[in-house]
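# Structural characterization, general
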Amino acid sequence: MSDVWSQVLDEVRTQIRPEVYNNWFLPIDCSAADADEVVLNVPADYYVQWFESNFGGLLLEILQRHLGRRPSLQFRCVEAAPAPEVSMSRTETPGHANLVGVSPAYNFENFVVGDSNRFAHAAAVGVASRPGESYNPLFIYGKVGLGKTHLMHAVGNEIHRLHPKRRVRYVTCESFVNDVVNMLAHGRRVDEFRTTYRDACDVLLVDDVQFLGGKEKSQIEFFNVFNALFGMRRQIILSCDRYPHEIPGLEQRLQSRFQWGLLVDIEQPDLETRVAILQRKATHFSLDLPTDVAMLIATHIKNNVRELEGALTRLKAFVDFSGKPIDVPTAREALGILLTDPTALLTPDRITRTVASYYSVTVKDLKGKGRKRSITMPRHVAMYLSKTLTAYSYPALAEYFGGRDHTTVLSAVQKIERLLQDAGSEVSRAVSNLKEALSK
Ligand code: ADP
Ligand code: MG
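About the thresholds
All residue numbers refer to position in the chain's written sequence, counted from 1. Lettering of chains starts at A and numbering of ligands starts at 1, both following the order in which they are written. Given that this is a predicted model, residues contribute local features only at a pLDDT of at least 70 and side-chain atom pairs are listed and counted only at 80 or more, while totals for whole chains, interfaces and linings are drawn from all residues. By convention in this description, side-chain values take in all heavy atoms of the structure and omit both hydrogens and water. Only the stretch in contact is used when a helix axis is fitted, and all axes are lines through C-alpha atoms; the angle between N-to-C directions ranges over 0 to 180 degrees. A helix here means a DSSP run of H or I that spans at least four residues, while a strand means a run of E at least two residues long, and both kinds are numbered starting from the N terminus. Here the angle decides the label: under 35 degrees means roughly parallel, over 145 means roughly antiparallel, 65 to 115 means roughly perpendicular, and every other value means oblique. Crossing handedness follows the turn of the near helix against the far one: under a right angle anticlockwise gives a left-handed crossing, and clockwise gives a right-handed one. Residue contacts are defined here by distance: any two heavy atoms, one from each residue, within 4.5 Å place the two residues in contact. Salt bridge, as used here: a side-chain nitrogen of Lys or Arg that lies within 4 Å of a carboxyl oxygen of Asp or Glu. Note on classification: 1.4 Å probe, protein chains only; a residue is buried when its accessible area is under 20% of the maximum for its type, exposed when over 50%, partly exposed between these limits. The definition of a polar contact used here is a pair of N or O atoms within 3.5 Å, where within protein one atom must be able to donate a hydrogen and the other to accept one, and adjacent residues in sequence count solely through side-chain atom pairs. Being near a molecule or strand, for a residue, comes down to having at least one heavy atom within 4 Å of it. To measure how exposed things are, a 1.4 Å probe is used in the Shrake-Rupley method; for residues, cover is taken only from the protein chains shown. Note that Gly is not counted as nonpolar here; it falls among the polar residues with everything else outside the nonpolar set of Ala, Val, Leu, Ile, Met, Phe, Trp, Tyr, Cys and Pro and the charged set of Asp, Glu, Lys and Arg. What pLDDT conveys is the predictor's confidence in a given residue, as a value from 0 to 100. Expected span of a helix, by definition, is 1.5 Å for each gap between consecutive residues, and there is one gap fewer than residues. Here a Phe, Tyr or Trp ring, Trp counted by its six-membered ring, pairs with any other such ring whose centre lies within 6.5 Å, and the pair is stacked when the planes are under 30 degrees apart, edge-to-face when over 60, and tilted otherwise. Think of it as a cone above the ring: NZ of Lys or CZ of Arg counts as a charge over the ring if it is within 6 Å of the ring centre and within 35 degrees of the ring normal.

One way to put it is that helix H14 (residues 348-359) packs onto helix H19 (residues 426-438) with a least axis distance of 10 Å and a crossing angle of 125°. Classed by the angle they form, the pair H14 and H19 counts as oblique. Helix-helix and strand crossings are classified by hand; for H14 and H19 the assignment is right-handed. Residues Arg350, Ile351, Thr354, Val355, Tyr358 and Tyr359 of H14 form the contact with H19, whose participating residues are Arg429, Ala430, Asn433, Leu434, Ala437 and Leu438.

Here we take up the pattern of salt bridges. Going through the model one piece at a time under the given rule, you end up with 14 salt bridges. A salt bridge links arginine 118 to aspartate 115; the shortest N-O distance between them is 2.8 Å. Among the residues examined, aspartate 115 registers a relative accessible area of 55% and is labelled exposed. We note a salt bridge from aspartate 320 to lysine 316, for which the minimum N-O separation is 3.3 Å. Here lysine 316 and aspartate 320 lie together in helix H12 (residues 305-322), a separation of four residues that amounts to about one turn. Overall, lysine 316 belongs to the partly exposed group, its relative accessible area being 24%. Look at the salt bridges and you will find they share partners, linking Glu11, Glu61 and Arg65 into a network.

Within the secondary structure, glutamine 235 is located in strand S8 (residues 235-240). Note on glutamine 235: relative accessible area 0%, which makes it buried. Reaching out from glutamine 235, the side chain makes a polar contact with the side chain of asparagine 136 at a distance of 3.3 Å. In contact with glutamine 235, not counting residues within four places along its chain, are Val127, Pro131, Gly132, Glu133, Tyr135, Asn136, Pro137, Leu138, Asp202, Val203 and Leu204.

Now for the site of ligand 1. Close contacts around ligand 1 come from 18 residues, with Val112, Gly145, Thr149, His150 and Arg306 the closest. Between ligand 1 and the protein, one listed contact pairs a nitrogen atom with a side-chain N or O atom of asparagine 117 at 3.3 Å. Separating an oxygen atom of ligand 1 from a side-chain N or O atom of threonine 149 is a distance of 2.7 Å. Considering ligand 1 on its own, with 560 Å² of exposed area, one finds that the protein chains cover 95% of that surface. Those elements that provide at least two residues to the shell around ligand 1 are helix H5 (148-162), helix H10 (271-284) and H12. Its residues assigned to classes, the shell around ligand 1 shows seven nonpolar, six polar and five charged.

It is worth spelling out the confidence of the model for the protein chain at this point. For the protein chain, the average pLDDT comes to 87, and 91% of its residues sit at 70 or higher. Scored below 50 in pLDDT, residues 81-95 makes 19 contacts in the model with residues more than four places away or belonging to other chains.

Moving on: H5. Along its 15 residues, H5 runs 21 Å from first to last C-alpha, staying within 8% of the 21 Å computed at 1.5 Å per residue. Of all 15 residues in H5, twelve are buried, a share of seventy percent or more. Of all the positions in H5, only Lys148, His150, Leu151, Met152, His153, Ala154, Val155, Gly156, Asn157, Glu158, Ile159 and His160 are classed as buried.

Summed over the entire model, instances satisfying the criterion amount to 13 aromatic pairs. Considering the side-chain rings of phenylalanine 176 and phenylalanine 222, the 5.2 Å spacing of their centres and the 80° angle between planes classify their relative orientation as edge-to-face. Of the two residues, phenylalanine 176 sits in helix H6 (residues 173-185) while phenylalanine 222 sits in helix H8 (residues 216-231), which places them 46 residues apart along the sequence. The class for phenylalanine 222 is buried, based on a relative accessible area of 2%. Where phenylalanine 222 meets phenylalanine 258, the ring centres are 6.0 Å apart and the plane angle is 90°; that geometry is what we call edge-to-face. Here phenylalanine 258 lies in helix H9 (residues 252-258) and phenylalanine 222 lies in helix H8, a separation of 36 residues in the sequence. The pair formed by phenylalanine 222 and phenylalanine 258 is uniform in burial state, with each residue classed as buried. By way of ring pairs, the aromatic residues Phe139, Tyr141, Phe176, Phe193, Tyr197, Phe222, Tyr243 and Phe258 are connected into one cluster. Sitting over the face of the ring of phenylalanine 211, lysine 215 holds its NZ or CZ atom 4.0 Å from the ring centroid. Just above the ring of phenylalanine 223 sits the side chain of arginine 253; from NZ or CZ to the centre is 3.6 Å.

Written out as structure tokens, the structure is:
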């Protein structure tokens, strides 16, 4: 850490409460500080907006004093590496020699059923109760992040619960391909390969079979494994991110075998299912998630359950960190641009530009000190919209609007709020036109 930065921190510490300092300044790592640029590495991207709006002014002021001029602040997010995915093929769970590669974390109990996955779920439950006898293979397809892997592990766990003697093996297609490559490279491992995938396997789950595309040797081995298991009426369960015939470079004979049993798809979950998934996950985190917050997240994050979970994890981290209550404003603040509501992407800059062009004045006028009514009214509107449509604090906005006192912004906002009570007023019309322009 540079000397300048440690001096700056010493000074910051004298100006803010210790818990705030610990939460917001201690985790920062400064990797460069000179008069032009100060680079701060922050642990999560929600830091940046929060930081800029709450401490940006303070920090710049102190930096200016130490560096002789006002540097530009650069934030870099060094987000902690994501938690490792459940290790797939190689987790030989001790005590469960018959259950290989299956993660206990994913089961039917914590899989939320909705219209988007009802059929896939029912098929999976059916297969679990009578493996090898109903649908073989069971082919689950759907776009990324919609629950295929979860469902695969859930079936594996359920089969193990209902039929503990069956030897269940889950592998990612990638690790199947690796095993083929290893076997071919070391001829001796042929027996081991046969044992693993045929003789000692009653139920084989292979995740992401699109990975076989274009890999001829692996396809030959897969074909042999498939035929052997199928011939012995052993259950095969496959997942894929597309239909079998859409996998480029997949042999015809495998394409057709993939369709011998039952094909089920998982679609994007509808709003109610997304809310239910969020609530289920929140319970898991012991997080009390109000419905309006769940709705807010679920309305904006639509295509991918993993992203829904990501949003929740981020919200939890933010709440733990900031000590704020879990409500809609906090969620907006924590999730920022994740909520791709066009207004969530608004900045005071964009708002000011739009207001300036609406009233035919300049941005400079809006930020300046001119007191003509033709300028003060647009300025107040710009302040009001900036306060209500972004997460900027009063001091941050005061700084933005030409370094005023924050009470100026506060009274501008209150003034506009008063004027808006008359729905027919000129200001009401302007604000609603501007909101519409900004939402595009
Ligand atoms: P895929 O394999 O289709 O890419 P995953 O099975 O890895 O997707 O799902 C991504 C994340 O979303 C996982 O953490 C999973 O637990 C969760 N998930 C997906 N669908 C559901 C669901 N219906 N109920 C609960 N969690 C779900
Ligand atoms: Mg998956």
